[in-house]
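One-letter residues, chain by chain:
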Amino acid sequence: QLPYSFFINGTEIMQSLATTLEEEKLSHEMVVKVIYQPQAVFRVRSVTRCASSMQGHSGAILHVHFSADGKRLASGGGDGTVRLWDMLTSTPLKTLKGHKNWVMAVAWAPDGSFLISGDSKGEIRVWDGETGAARGKPLRGHKDYISSLAWEPYHNAEDCRRVCSGSKDAGVRVWDISTKKCLLSMSGHTKGVTSVKWGCEGLIYSASQDRSIKVWDSVRGVLVRTLQGHAHWVNGLALNVDYALRIGPYDHNGKAPDDIKERKQRATEKVQKVIKDNGLQYELLCSASDDMTCFLWDPVRSKKPIIRMTGHQQTVNHVAFSPDGRYVASASFDNSVRLWNGTTGKFVARFLGHVQDVYMCCWSADSRLLLSASKDSTLVVWNLKTKKIKHQLPGHADEVYAVDWSPDGHKVASGSKDKVLKVWVT
């Protein structure tokens, strides 16, 4: 049986229809439209304890990323190494050496065959996902640090060859990791690029410190449109299909079909389900900025924002859509996390529990739990149903910069300034 959630005017019915009508100040005499939406058929249990503290990095850990099947974890940091960890045994697998500078970003290919990493001097390296061996010479072209990396979606290219990079040098580049050539170099931003996303419609989105978001054609490399509205740096982007694109052909148990055609079909279905379940035709984009606001966009069709989401009192550092695309969470330096409706952009709830800047947030695979990482050295798990704290996870000795919830839902990895990678389990 499918679990459902019910909504009136975008407000979820939590207790009874009568109480929700009173809260919304609606008359009992009116005809009320109740919208129902299916929830995930599986449940992810909240992480409650630290299973292992893995030392090895000799600098702050700046990025952690699980592979699509959830079996391997990659971390990059200030010591110039990328490290692979085995999630079944919580032990180090391999240390990938080659970068001479801080590793700013790491990203797994949707099928787990490759791992890419970008450093603070603009160099991108490609590693074998299984063995950790370096695959050929590094990709050089950027003049400043790599801020963001994004793979081409699996359902558009199952060979996982093209990857996009954004850099502080204001450039956006598309590379072929097999030939090690730069296929497209897209210039148009006047200041550093902070985030890049590769959408399911074949468009690339780049956010910049020049206050704009640019939409590029990923085949020809031409500018499609520019999204303007923010009054300060744009810090981050999120697509409502991010999670579906990330796990590609894998299901929530980390299993994928053997046949390539089936894999491609499954990846396509996942993306279409998110769009269809939310009553949309195309993917939506959310942007976070130093101007304390977020914007929700329909970037495939329009350059005008759907809504401007206001409420934060400080810089908004990070935004993340829930896997089902129903909610978007924003993490801010005002010590709070805010929850918004993923299709209308309406404010839903404010989560207070951190005592310092919130750097990042991530979702459980079933969209029922949200996790935030903060400067106050703690992680907090939030319950979406009650809109309250479910668990507080202290343990790090310094600011927590990076956090990721494994796609299979069993583990959370967090990386901190204290150079320790912690794995949290249920």
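Note that the coordinates shown come from a computational prediction; the quantities given were computed from them, not determined experimentally. Sequence order as written defines residue numbering, which begins from 1 separately in each chain. It should be noted that, the model being predicted, local features are given only for residues of pLDDT at least 70 and side-chain atom pairs only at 80 or more, the latter also being counted only at that level, while totals for whole chains, interfaces and linings use all residues. Calculation of side-chain values draws on the structure's entire complement of heavy atoms; hydrogens and water are dropped beforehand.

What follows covers the nonpolar core. If you look at the biggest cluster of nonpolar residues, it comprises 20 residues, and the most contacted ones within it are Y205, I213, V241, V271 and L285. Per the convention used, a helix needs a DSSP run of H or I reaching at least four residues, while a strand needs a run of E reaching at least two, with both numbered from the N terminus. For this core, the secondary-structure elements that each account for two or more residues are β17 (203-208), β18 (212-217), β20 (234-239), α2 (242-247), α3 (260-277) and β22 (294-297). Only heavy atoms matter for contacts: two residues are in contact if any of them lie within 4.5 Å across the pair. Those residues within four positions of Y205 in sequence are excluded, and the remaining contacts are S195, V196, K197, G199, K214, V215, L237, L239, E283, L285, P299 and V300. Buried Ala, Val, Leu, Ile, Met, Phe, Trp, Tyr and Cys residues form a nonpolar core when they are joined through side-chain atoms within 4.5 Å. The buried label applies to any residue whose accessible area, calculated with a 1.4 Å probe on protein chains only, is under 20% of its type's maximum; exposed applies above 50%, and partly exposed to all values in between.

With that settled, the discussion passes to the packing of aromatic side chains. The geometry of two aromatic rings is summed up by the distance between their centres and the angle between their planes. For this analysis, a ring pair means two rings from Phe, Tyr or Trp (six-membered ring only for Trp) whose centres lie within 6.5 Å, classed as stacked if their planes differ by under 30 degrees, edge-to-face if by over 60, and tilted for the remaining angles. For the structure on display, the rule yields six aromatic pairs. Between F333 and Y359, the ring centres sit 5.9 Å apart and the planes meet at 75°, which makes this aromatic pair edge-to-face. With F333 in the loop between β25 (327-332) and β26 (336-341) and Y359 in strand β28 (residues 358-363), this pair connects stretches of sequence that are 26 residues apart. You can call Y359 buried: its relative accessible area is 14%.

What follows is about the sheet that holds strand β14 (residues 171-176). In this analysis, strands are considered paired if DSSP registers two or more bridges between them. Ordered in space as β12-β13-β14-β15, the four strands form an open sheet in which the pairing is antiparallel. Edge positions in the sheet fall to β12 (146-151) and β15 (181-187), since each has one partner strand and no second. Neighbour-to-neighbour, the strand axes of the sheet open up by a mean angle of 20°, direction not taken into account. Here β12 runs beside strand β13 (residues 162-167); their pairing, made up of five bridges, is antiparallel. Angles here are taken between N-to-C directions and fall from 0 to 180 degrees, while the axes themselves are lines fitted to C-alpha atoms, restricted in helices to the stretch in contact.

Salt bridges, as used here, are contacts in which a Lys or Arg side-chain nitrogen is within 4 Å of a carboxyl oxygen on Asp or Glu. One pass over the structure, following the stated rule, counts 16 salt bridges. Measuring nitrogen to oxygen at the nearest pair gives 3.7 Å for the salt bridge that ties E130 to R72. Note that E130 is positioned in the loop between β11 (124-128) and β12 and R72 in strand β6 (residues 72-77), a separation of 58 residues in sequence. In this structure E130 comes out as exposed when scored by relative accessible area, which is 61%. By relative accessible area, which is 10% here, R72 ends up buried. With a closest N to O distance of 2.9 Å, D128 and R135 form a salt bridge.

Turning next to the sheet that holds strand β3 (residues 34-38). Consider a sheet: its strands pair through backbone hydrogen bonds, and that pairing is either parallel or antiparallel. Reading across from one edge, β2-β1-β3 is the order of the three strands in this open sheet, with antiparallel pairing throughout. Every other strand in the sheet has two partners, leaving β2 (11-12) and β3 as the edge strands with one partner each. Bridge analysis of strand β1 (residues 4-8) against β3 gives five bridges, and the strand direction is antiparallel. Bridge pairing in β3 links S5 to Q37.

A few words on the pairing of strand β33 (residues 411-416). Judged by how many residues are buried, β33 sits mostly within the fold: six of six residues are covered. Note: strand β32 (residues 400-405) against β33, five bridges, orientation antiparallel. Among the inter-strand pairings, W405 is bridged to a residue of β33, identified as V412. Where β32 folds back on β33, the antiparallel hairpin that results is connected by five residues, among which G409 adopts a positive phi of roughly 85°. Pairing analysis gives five bridges linking β33 to strand β34 (residues 421-425), with the strands arranged antiparallel. When the sheet's bridge partners are listed, A413 is paired in β34 with V423. From the end of β33 to the start of β34, which pair antiparallel, there are four residues, and K419 there has a positive phi angle of about 70°.

A word on the environment of V126. Tracing the backbone through its elements, the reader meets V126 in strand β11. With residues near it in sequence (within four places) discarded, V126 still touches F114, L115, I116, A133, A134, R135, L139, I177 and K180.

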